[in-house]
Amino acid sequence: MSDQTNDRKIEHIRAIEQDPATDRDARYFDRIHLSHRALPELNLADIDTAIDFLGRRLSFPLLISSMTGGDHELVRQINRNLALAAEHCGVALAVGSQRVMFEQPAARESFELRALAPTTVLLANIGAVQLNYGFGVEQAREAVACVGADGLYLHLNPLQEAVQPEGDTDFAGIGDKIGEIQRSLQVPVLLKEVGCGLSPEDIALGYAQGVRYFDVAGSGGTSWSRIEHHRRGDGSDIGLRFQDWGLPTPLALMQAEPWVERATLIASGGLRDGIDMAKSVILGASLCGMAAPFLRPASQSADAVIEEIERLRREFVTAMFLLGMPNVAAMRNNRSLIVEER
């Protein structure tokens, strides 16, 4: 098979490096104002940030979200550094799309991370649309086995596929095929968008198929539409027209409130600090995903990634302290902590 998918991974990284505006930096979370406790009645050192997710203990509710994978030394280096840092800090890690390893067998190495992260949560990842292009249970199981994963992301990216020069755009009937994957795997399926948000209708469709984990992955952060714009080379500006399309992550979480007690919500898309993480948990998220803040550090070293994780941890626990929250469970879906929305 061609190495087009593998080359695309590097093109994506270069587009992000060369165009800072691929991170839309919309700061939608800044519109949410939280209460403040001048008398928190807590010792900062006693605050418990740990959570349980997919049967493993995490030090705080952070997921290093899906970025990359492929047959290239830069990609292998990025994923190695992410895995080492995730294990050291006790946070979750999701790999980028694994479609490439079915086209380029040499790309498998970039996803074989369990030896580097033996105790933390790892998530495999394939595009849901590929279920209409020859992928099925066999490929899903192979993706999970390669990573040694605790769950499988099926990512939904209709906008990216629509503006991508070689995009796969047949999304008809995918819901039933997602259900087949969910029923056939030994690990759970997690549905995720890639930066345009899951609507309540999307969650309802997935829930009806047995899915219980949903990453709303809203707009406000990295725009894959803008990234694909740089790859078109045909003069079209459709990728720019749609670069801010979608549901902002806070709005997606608010709309998902009816599902909070029935399903597990993950917040990603535009989160950039520990305060955004705290606001996401208050809006019902059990886990908070970020990718863009880790790309540059991961290109350097595992220590650089660890430094970024520790920054987020300090910010998150400080927010909990200032809200008077002794643990994550007390804060989750505690919307009384929101004092103003504008």
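Here is what the cut-offs are and how they apply
The residue numbers shown here count from 1 along each chain, following its written sequence. Given that the model is predicted, a residue must reach a pLDDT of at least 70 before its local features are reported, and side-chain atom pairs must reach 80 or more before they are shown or counted; all residues, however, enter totals for whole chains, interfaces and linings. In computing side-chain values, all of the structure's heavy atoms are included and hydrogens and water are not. Here a strand is any run of E in DSSP of at least two residues, a helix any run of H or I of at least four, and the numbering for each starts at the N terminus. It is over C-alpha atoms that the radius of gyration is taken, and the globule rule equals 2.2 Å times the number of residues to the power 0.38. The cut-offs for exposure are 20% and 50% of the maximum accessible area for each residue type, with area from a 1.4 Å probe on protein chains only; residues under the lower value are buried, those over the upper are exposed, and the others partly exposed. Contacts were defined at the residue level, with two residues in contact if any of their heavy atoms lie within 4.5 Å. Using the Shrake-Rupley algorithm and a 1.4 Å probe, accessible areas are obtained, with residue cover drawn only from the displayed protein chains. A residue counts as positive if it is Lys or Arg and as negative if it is Asp or Glu; His and the chain ends are not included. Note that the charge is assigned to NZ on lysines, CZ on arginines, CG on aspartates and CD on glutamates. Only buried residues count toward a nonpolar core, which is a set of Ala, Val, Leu, Ile, Met, Phe, Trp, Tyr and Cys residues joined through side-chain atoms within 4.5 Å. Pairing between two strands requires that DSSP report at least two bridges joining them. In this analysis, axes come from line fits to C-alpha atoms, helices being fitted only over the stretch in contact, and the angle between any two N-to-C directions falls in the range 0 to 180 degrees. Every angle not falling under 35 degrees, over 145, or within 65 to 115 is termed oblique; those three ranges are roughly parallel, roughly antiparallel and roughly perpendicular. Each residue gets one of three labels, nonpolar for Ala, Val, Leu, Ile, Met, Phe, Trp, Tyr, Cys and Pro, charged for Asp, Glu, Lys and Arg, and polar for the others, Gly among them.

A. Structural detail: the overall build of the protein. Counting secondary structure elements, the protein contains 14 helices and 12 strands. Taken over C-alpha atoms, the radius of gyration comes to 19 Å for the protein, in line with the 20 Å a tight globule of 342 residues would show. Along the longest, intermediate and shortest principal axes, the C-alpha atoms of the protein span 65 × 40 × 40 Å. Classification of the 342 residues of the protein by burial places 59% in the buried group. Of the contacts made within the protein by residues no fewer than 6 positions apart, 77% connect residues no fewer than 24 positions apart. Accessible area for the protein stands at about 13,600 Å²; split by element, carbon and sulfur atoms hold 48% of it. If the 33 positive side-chain charges of the protein are averaged to one point and the 46 negative ones to another, these points end up 2 Å apart.

B. Highlighting the nonpolar core. Residues Phe53, Ile64, Leu154, Phe294, Ile309 and Met331 are the most contacted members of the largest nonpolar core, which totals 105 residues. For this core, the element with the highest residue contribution is helix α13 (residues 302-323), accounting for nine residues. In this structure, isoleucine 309 is in contact with Phe60, Leu62, Ile64, Ala85, Cys89, Val91 and Phe294, ignoring residues within four places of it in sequence.

C. Representation of the pairing of strand β6 (residues 122-127) within the structure. Burial of β6 is extensive: six of the six residues sit out of reach of the surface. Across the two faces of β6 the burial is the same, with Leu122, Ala124 and Ile126 and Leu123, Asn125 and Gly127 all buried. Bridging between β6 and strand β7 (residues 151-156) involves five bridges; their strand directions are parallel. The partner of isoleucine 126 across the bridge, within β7, is leucine 154.

D. View of the environment of leucine 271. Relative to the helices and strands, leucine 271 is located in the loop between β10 (264-268) and α11 (274-282). Separated by 244 residues in sequence, leucine 271 and arginine 27 place their C-alpha atoms 8.0 Å apart. When residues no more than four places from it in sequence are discounted, the contact partners of leucine 271 are Phe29, Thr249, Asp276, Met277, Ser280, Cys288, Gly289, Met290 and Pro293.

E. Region of the structure containing the packing of helix α1 (residues 4-18) against helix α2 (residues 73-89). Between α1 and α2, whose axes approach to 10 Å, the crossing angle comes to 70 degrees. The angle between α1 and α2 falls in the class roughly perpendicular. Judged by residue contacts, Ile10, Ile13 and Arg14 of α1 engage Leu74, Val75 and Ile78 from α2. Its residues placed into classes, the contact of α1 with α2 shows five nonpolar, no polar and one charged.

F. Spotlight on the side chain of threonine 22. In this structure, threonine 22 sits in the loop between α1 and β1 (32-34). Each residue touching threonine 22, except ones within four places of it in the same chain, is listed here: Ala15, Ile16, Gly221, Thr222, Ser223, Arg226, Ile227 and His230.

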